[in-house]
Amino acid sequence: MRRQYVMAALGAALVAVPGSAMARNDVGVAAAVNQDALRTPPGAGTRTVVLGDNLIYRERIETAGEGLVQILLVDGSTFTVGANSDLVIDEFVYDPNAGTGKLVATFGKGVARFVGGRLSKNAGGVTVKTPVGTIGIRGGIANLNLLGGGARFSLLFGDELSFTGLNGETRRIYERGYTLAIASAQAGNYRPEIRRTNQSDIAGVQQGLGGRPGQTGGISSPPTDTQVRTSGIGPANSGQPIVTVMPRPRPEVVQSTRITEGGQVVNEINHGATGDIIRDVVVTDPPPPVEGGEVEMRVLTAASSYAPAFETFTVTDPGRQGLIGGTPGSDTTATFTVTGGGTQLTGTIGGETITIPLPTGGEAAFRVVTSGGRTVAGTVHRNGNHFLAFTYFEEISAPLLIPSEGPGEIPVPLAVNRPVFGLWGVPTDPNAVRVTGANQIRRYHLSADPIQVARSGVAHDLYFLNPLAGEMLGSYFLQNVRTSDFLVVTGNNTLADEDPRFLVSSMLIQGQGAFQSSAISVSTGRIYEDEVDGLVIGGPRRGGFRASGYDPSVLYAGPVSSVGGGDGGHVFGPNGENFVLGFGVGDLDTGNDSSPRLPLPYGSITDTVSGYTHVGQLASTSPVGEFTRTTRLLNGFASGMVEVGTNNGVAVPFWSLTPEMLTIGFDAVNNSVGASMTVLDALEGDDHIAALVLGFGDSLFTTGPNGQSALIDDDRYALTYNFGETFAITEEGSVIAPDSNPRSYMVPSTLVAGADNALFTDVARCTCAFMEWGYWGTRFRGEDVSETAPFDPRRRDFVHLGTWAAGDVSTYGELPTVGTASYAGHAVGNVARTTTDGPVQYLAAGNFNMTYDFGSRSGSASITNFDGYNFGGSVAAPTGSLEGLNLFAGGLGNPEETLSGVLTGSFVRGPAGPAQGVVGSFGVSDPSGSYTATGVVVGQQ
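Residues numbered from 1 in each chain as written. Predicted model: local features only at pLDDT ≥ 70, side-chain atom pairs only at ≥ 80, totals over all residues. Heavy atoms only, no water.

- The name given to the protein chain in an unreviewed UniProt entry is FecR family protein, with the source organism recorded as Stappia indica.

Below you can see the structure in the form of C-alpha cells.
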C-alpha cells in the first residue's frame, strides 16, 4: 500500500513534465530520491533534491553516503545514481516527433546505471564522459562503476557499449555479459581490459544502488499504517480483483535492438574481433573448390571438457551434448585440397588425412577410412563453388547403416561424443546484395542436427534440441515434427537492409491425455551487418517440451547464432544462399534447459547445457507483395497452467478476464510484432502471486529496449521475451521484476501448419480467418524483495504451450442493440489433474457454441467434448461505456455438477460487422481441485 502511495505521488510529478519543461530547458525529473542527495543548477546555490524536482541541463547532481537519485529524462532514459556519486547532464536535445537528438553527460565518481530511452537507439545518441575516457551507449542498459580507484563499465543489455580512452583508442562491446575494466586509473594505467562480467561487477553497482533501512524514496512524510487503512485506497485497490487494465494505444514504432541470447539479457558480440577490438579487415574471396584448389576449413571438435559461460560447472563429456569448440585445440583451421576433378575433398585433421567424396550439390552421406585406419561416417553439404560443410563420427566396431529420414536404429554405434565438424564458404558481400526494389520473403531449409541423427537414428526438424531431450521424446515423435522453415523478411535492401528479421519454429502435439507428448522450438531475431564478419545471424532459443503428461515441462534458453567460417563470414554465397546455425560457439554460450520439478530434467546439471548445428540452404525468394501483411491492433484473452517451481511444479491455472489483458500490435512497415499479456490466478491457487504480466517482441507500452519479433505475413509471425515489459504482481500488490531474461515465446496456430492436429481429431477447428489464436510459454524467475515477502521469496514459474486468442474487439457503442446471433468454433487449453500415479498435465480441445440476444444482452454458451466433459451456462454483458471494449461473462457448469467455473469473452469485428466473431477465456475445476482446466475460445457466425 505504501508503494502505491509513492507511485501515485510520482505519477503526479511526472504529469507536469511534458508541458512547460522544454520551454525552461528542463531535461527530466527526479523520479526517486533518498536522503543525502543535492542538486546545483548552473549559477544557483546548492539545494536538496526533492521527489518530482524538474532538472535542467548543466545541473550537477551529487550524493553522499546514503544518497540515491533516479533521473527520468523526457526521452525515457534514466540515470540511477548511487551513493557518493557525481553526475552532470551537459547537453540534452530531443525532438519527440522524430525521436532524434543527443544526450551528453559527465559522470565524475561513484556508481550509476543507465537505461536507454529513445535517444540511445540512435548511433552516437548517448555519450557519457568519465575521468578515464568517454563511453557511448546504444540501445541498452549499462552499469558504470568508478569506485576503488579503477573503472568498470558493464553492458547489461543493448546494441553496443563503446569506450574511447584518453589516448584516443576505441574499444567496443557488442554482447551483454561483458565488462570493460580499468584496473588502476589513479596510477595512470588507462589500458582497458574487456572480459566477462563477473559477480563482483554486478554486486558492486547493485550495492551502491540499493536502498537502506529508513529511506522513503523521497516522500517527506511517509504514510502510517493507520493513514493507509483510512485513506480509502484499500477498497479501491486491494478490495477488488487484481485486474490490469491498459489503454488501447497505437503501437509505437521503435527499432528493435539486435539480440543473441544465452539465458539472460544479451546482445551481439563481434565474433571476428581479437581482444574485443574492432579490426578493419578486408576478407578476400577464397578460391573456389575446383581441381587443385585449396580451401581453409574451420574445424570444430569436442574438447576433453567444456566450461559453459554463465555456469559454475564443467561438462566432462561435451561432445555427447553437441558442445564443440571452446578451446584453442578444438577450434582450429585446416587446409583442404579439392581433388578428383572436383569430386573429393582431402585434408588433415588431428594428424590423420581424410578424403571426403563431394556431391554435385545438396547433402550426401559418406563412409570412408582415414589414413590412420579409422572408419568414419557422416554427411557433407555442398552448394556450387561457394559453400562446404561436413560432420563425421568414428564407427566404434562395424559398418554403419546411415540413418534415413524414417524411423530406424543404428545397429552399430558411433562415437557420438567425438564429432568433427568442418565449414568453409565464400562470405556474402553485403554490398552485392544491396539492391533496390521490393522487399523479400526468403525461405531456407535447415538440415537435421548431426548429433541428433547419430544418437536417435532419425533426421528430424525439432531444431536446437538437447540430445537428451530427443531421447526422451523418442524417434516416433521426432519423425513427425512439423516446421515453418527458416523465414527471413528483408527491407528495401534485401539482406543488407537495417531491419531484416527472421523466425523459425518447429512443433508437434502428439497423443491424448496422460500419454500426450508435446514440443515447440522458436527463435526470432536479426540478420545484421558486422564490420568484420559481414552478415551475421543472431537470436534467442525459446520453446520447451513435455515428454508425457506425467512429466514436468522443460523450457529452453540460450542463443541461436550463425557460425563463422575458416576465412571469415557467417553467411555464404553471392546471394546469401547458405549459413550454419548453432549456439555461441566462440563465446561458450550454450543452450540451457530447466524444469520446475526436481530432480533436474536429465538427471545431472551438466546435462542441461547443449550445442546444436543446422546447415541453412536457400529454398526460395518471393516479393513481400505476394503476401497479406496488415498493420493492426488486436485485443483478447490468454490462459495457461503455471507450474510453480518453488512448489515442486504444482500446476495453477492462470487466465485473462478482460480483453485489455491481451494486446497485440502488428507493424507491417517494420516487420515487427509486440504483445502484452496479463494472466491472473483467478482460482487463488497460488498463495503468493496474483498475476503475471508478460511482454513479447517489440515494446508496446514503454520506450525501453525491445525484445525480438518477426512478421512474415498475417499467418506467420513469432515473438520472444520483452524484458522491460515483464513482471509479476503479488497478492499484496508488490511488483517482482525478473532477474534474468524470461524464457517467453508467442506464436500463432498458423505458423507451423498441422502441428496440433492431434487436438482436433474429434473437434471442429474454427477457421476464424479474421481472428488470431495460438500458443505461448514462459519461464519467469524473480525474487520478492518487499516487506511482505513470504519466507521463501523466490519465484520460478513455468508455462508450456499456454493458449491465447485475439481479434478486433468492438466497443459497446459499436455492438448491435437488436437481433440474435449464433456462434460456432472451438475451445483449446490446458488440463491439470491428480491421478493415483501422480499429477498429469496435457492440452485438450472441444467444440464451442454460443447464442446471444443483443436486445437483452444475454445468451448461453457451451463447451462440449473437452477432455470428455461437457459444460456451459448463461452469459450476459452489462452495459458499459460506449467507448469501452465490450465484455460478456457467465458461469459454467455441467449436469453432473462435478465441474464449475467461469467464461469471459468479447465480440470482435469481422468483414460482415462488429459482432461477427467471439474470443474469450474460461476456467473450470471440480470441488476438490483435483481437476482444473483453463483455455481460450474462438467462434464465428
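1. Quick look at the overall build of the protein chain
Here comes step 1: A count of helical and extended segments in the protein chain gives seven helices and 59 strands.
Here comes step 2: For the protein chain, the residues scored as buried account for 59% of the 941 residues in total.
Here comes step 3: Pairs at least 24 residues apart make up 64% of the contacts formed inside the protein chain by residues separated by at least 6 positions.
Here comes step 4: When the accessible surface of the protein chain is split by element, carbon and sulfur atoms take 51% of a total near 33,700 Å². (Helix = DSSP H or I, 4+ residues; strand = E, 2+ residues; numbered from the N terminus. Buried < 20%, exposed > 50% of the residue type's maximum accessible area, 1.4 Å probe, protein only. Contact = heavy atoms within 4.5 Å. Areas by Shrake-Rupley, 256 points an atom, 1.4 Å probe, with all protein chains shown as cover.)

2. Overview of the packing of aromatic side chains
Here comes step 1: Taken as a whole and assessed by the stated rule, the structure comprises 27 aromatic pairs.
Here comes step 2: Centre to centre, the rings of phenylalanine 888 and phenylalanine 907 are 5.2 Å apart; their planes meet at 55 degrees, and the pair counts as tilted. Taken together, the positions of phenylalanine 888 in strand β56 (residues 888-893) and phenylalanine 907 in strand β57 (residues 900-910) put the pair 19 residues apart, joining distant regions of the chain. No difference in accessibility class separates phenylalanine 888 from phenylalanine 907, as the two residues are buried.
Here comes step 3: Taken together through their ring pairs, the aromatic side chains of Tyr823, Tyr852, Phe854, Phe888 and Phe907 make up a single cluster.
Here comes step 4: Directly above the ring of phenylalanine 666 sits arginine 632, whose terminal nitrogen or CZ lies 4.3 Å from the centroid.
Here comes step 5: Its guanidinium or amino end placed over the ring of phenylalanine 760, arginine 765 lies 4.1 Å from that ring's centre, counting from NZ or CZ. (Phe/Tyr/Trp six-rings, centres within 6.5 Å; stacked < 30°, edge-to-face > 60°. Lys NZ or Arg CZ within 6 Å of the ring centre and 35° of its normal.)

3. Concerning the state of the cysteines
Here comes step 1: If you walk through the whole model with that rule in mind, you get one disulfide.
Here comes step 2: The disulfide that involves cysteine 766 links it to cysteine 768, with 1.7 Å between the sulfurs. Linking cysteine 766 and cysteine 768, the disulfide has an S-S dihedral of approximately 85 degrees and is accordingly described as right-handed. Cysteine 768 carries the same exposure label as cysteine 766, and that label is buried. (Disulfide = S-S within 2.5 Å.)

4. Considering the pattern of salt bridges
Here comes step 1: Summed over the entire model, instances satisfying the criterion amount to 25 salt bridges.
Here comes step 2: A salt bridge links arginine 794 to aspartate 792; the nearest nitrogen and oxygen atoms lie 2.9 Å apart.
Here comes step 3: A salt bridge links glutamate 814 to arginine 909; its shortest N-O distance comes to 3.3 Å. With a gap of 95 residues between them, glutamate 814 in the loop between β51 (794-809) and β52 (820-835) and arginine 909 in strand β57 connect regions that are remote in the sequence.
Here comes step 4: The exposure class assigned to arginine 909 is partly exposed, which follows from its relative accessible area of 30%. (Salt bridge = Lys/Arg side-chain N within 4 Å of Asp/Glu carboxyl O.)

5. Description of the sheet that holds strand β25 (residues 387-394)
Here comes step 1: Across the sheet, eight strands lie side by side as β22-β21-β20-β19-β26-β25-β24-β23; this open sheet has antiparallel pairing. Because the sheet does not close on itself, it has two edges, and the strands there are β22 (352-357) and β23 (362-369). When strand polarity is set aside, the average angle formed by the axes of neighbouring strands in this sheet is 25 degrees.
Here comes step 2: Pairing of strand β21 (residues 344-349) with β22 involves six bridges; the strand directions are antiparallel. Bridge pairing in β22 places glutamine 344 opposite proline 357. (Pairing = 2+ DSSP bridges. Axes fitted to C-alpha atoms, helices over the stretch in contact; angles between N-to-C directions.)

6. Things to note about the sheet that holds strand β15 (residues 160-165)
Here comes step 1: Across the sheet, which stays open at both edges, the nine strands sit in the order β3-β2-β5-β8-β9-β11-β12-β15-β16 with mixed pairing between neighbours. The open sheet is flanked by β3 (47-48) and β16 (170-173), the only strands paired with a single partner.

7. With respect to the environment of glutamate 395
Here comes step 1: Positionally, glutamate 395 belongs in the loop between β25 and β26 (420-425).
Here comes step 2: Each C-alpha atom, one on glutamate 395 and one on valine 376, is 5.6 Å from the other, the two residues being 19 residues apart in sequence.
Here comes step 3: Looking at glutamate 395, its side chain comes within polar contact range of the side chain of arginine 367, at 2.6 Å. (Polar contact = N/O pair within 3.5 Å; in protein donor to acceptor, adjacent residues only side chain to side chain.)

8. Thoughts on the environment of aspartate 784
Here comes step 1: Looking at the element boundaries, aspartate 784 is found in the loop between β50 (772-783) and β51.
Here comes step 2: What makes aspartate 784 buried here is its relative accessible area of 3%.
Here comes step 3: In this structure the C-alpha to C-alpha distance between aspartate 784 and arginine 795, which are eleven residues apart in sequence, comes to 7.8 Å.
Here comes step 4: Those residues within four positions of aspartate 784 in sequence are excluded, and the remaining contacts are His688, Thr730, Ser734, Ile736, Ala789, Pro790 and Pro793.
Here comes step 5: Engagement of the side chain of aspartate 784 in a polar contact is seen with the side chain of serine 786, the distance being 2.7 Å.

9. Let's talk about a negative patch on the surface
Here comes step 1: A surface patch of negative charge is lined by Glu684, Asp687, Glu731 and Glu732.
Here comes step 2: For glutamate 732, the position within the fold is in the loop between β47 (716-730) and β48 (735-736). (Patch = residues over 30% accessible without salt bridge, like charges linked within 9 Å, V, L, I, M, F, W, Y side chains within 5 Å. Lys, Arg positive; Asp, Glu negative; His and termini not counted. Charge placed at Lys NZ, Arg CZ, Asp CG, Glu CD.)

10. Quick look at the pairing of β23
Here comes step 1: By the bridge criterion, eight bridges tie β23 to strand β24 (residues 375-383) in an arrangement that is antiparallel. Its bridge partner being in β24, arginine 367 is matched across the sheet by alanine 377.
Here comes step 2: Counted along the chain from β23 to the antiparallel partner β24, the turn is five residues long, and its residue glycine 373 has a positive phi close to 85 degrees.

11. Structural notes on the environment of arginine 382
Here comes step 1: Counting through the fold element by element, arginine 382 comes out in strand β24.
Here comes step 2: Residue classification places arginine 382 among the buried residues on the basis of a relative accessible area of 10%.
Here comes step 3: For the pair arginine 382 and alanine 364, spaced 18 residues apart in sequence, the C-alpha to C-alpha distance is 8.7 Å.
Here comes step 4: Separated by 3.1 Å, the side chain of arginine 382 and the backbone oxygen of glycine 384 make a polar contact.

12. Observations regarding the pairing of β22
Here comes step 1: Side chains Glu352, Ile354 and Ile356 project from β22 onto a buried face, and the interleaved Thr353, Thr355 and Pro357 project onto a face without burial.
Here comes step 2: Counting the residues in the hairpin turn of β21 and β22 gives two residues, including glycine 350, whose phi is positive at 60 degrees.

13. Focus on unusual backbone geometry
Here comes step 1: Its identity as a non-glycine residue notwithstanding, asparagine 84 has a phi of 55 degrees, on the positive side.
Here comes step 2: By secondary structure assignment, the location of asparagine 84 is in the loop between β7 (78-81) and β8 (86-95).
Here comes step 3: Of note, phenylalanine 310 is a non-glycine position whose phi angle comes to about 70 degrees, a positive value.
Here comes step 4: Position of phenylalanine 310 among the secondary structure elements: in the loop between β19 (294-301) and β20 (331-339).

14. Structural notes on empty space enclosed by the protein
Here comes step 1: Tallying each qualifying case throughout the model produces eight cavities of 30 Å³ or more.
Here comes step 2: Estimated volume of the second largest cavity: approximately 70 Å³.
Here comes step 3: Gly322, Ile324, Thr391, Pro419, Phe421, Asp449, Pro450, Ile451, Gly611, Tyr612 and Thr613 are the residues that line the second largest cavity.
Here comes step 4: Residues that form the lining of the second largest cavity fall into these classes: six nonpolar, four polar and one charged. (1 Å grid on protein atoms, 1.4 Å probe; cavity = no way out; pocket = protein on both sides within 12 Å on 5 of 7 lines; lining within 4 Å. Points joined across faces, edges and corners; volume = space filled by probe spheres on them. Nonpolar A, V, L, I, M, F, W, Y, C, P; charged D, E, K, R; others polar.)

15. A word on the side chain of threonine 663
Here comes step 1: Within the fold, threonine 663 resides in strand β43 (residues 662-667).
Here comes step 2: Of the polar contacts made by the side chain of threonine 663, one reaches the side chain of asparagine 635; its length is 3.1 Å.
Here comes step 3: Apart from the residues lying within four places of it in its own chain, the contact partners of threonine 663 are Leu633, Leu634, Asn635, Gly674, Ala675, Ser676, Leu700 and Phe701.

16. Concerning a nonpolar patch on the surface
Here comes step 1: A cluster of nonpolar side chains, namely Leu598, Leu600 and Ile605, defines an oily patch on the protein surface of about 270 Å² accessible area.
Here comes step 2: Judged by its relative accessible area of 44%, isoleucine 605 is partly exposed.

17. Some words on helix α2 (residues 199-209)
Here comes step 1: Residues Asp201, Val205, Gly208 and Leu209 constitute the buried set of α2. The buried residues of α2 all sit within an arc of 100 degrees when viewed along its axis, so they share a single face. Across from the buried face of α2, at angles greater than 90 degrees, the exposed residues are Gln199 and Gln207. (Arc of directions from axis to C-beta.)

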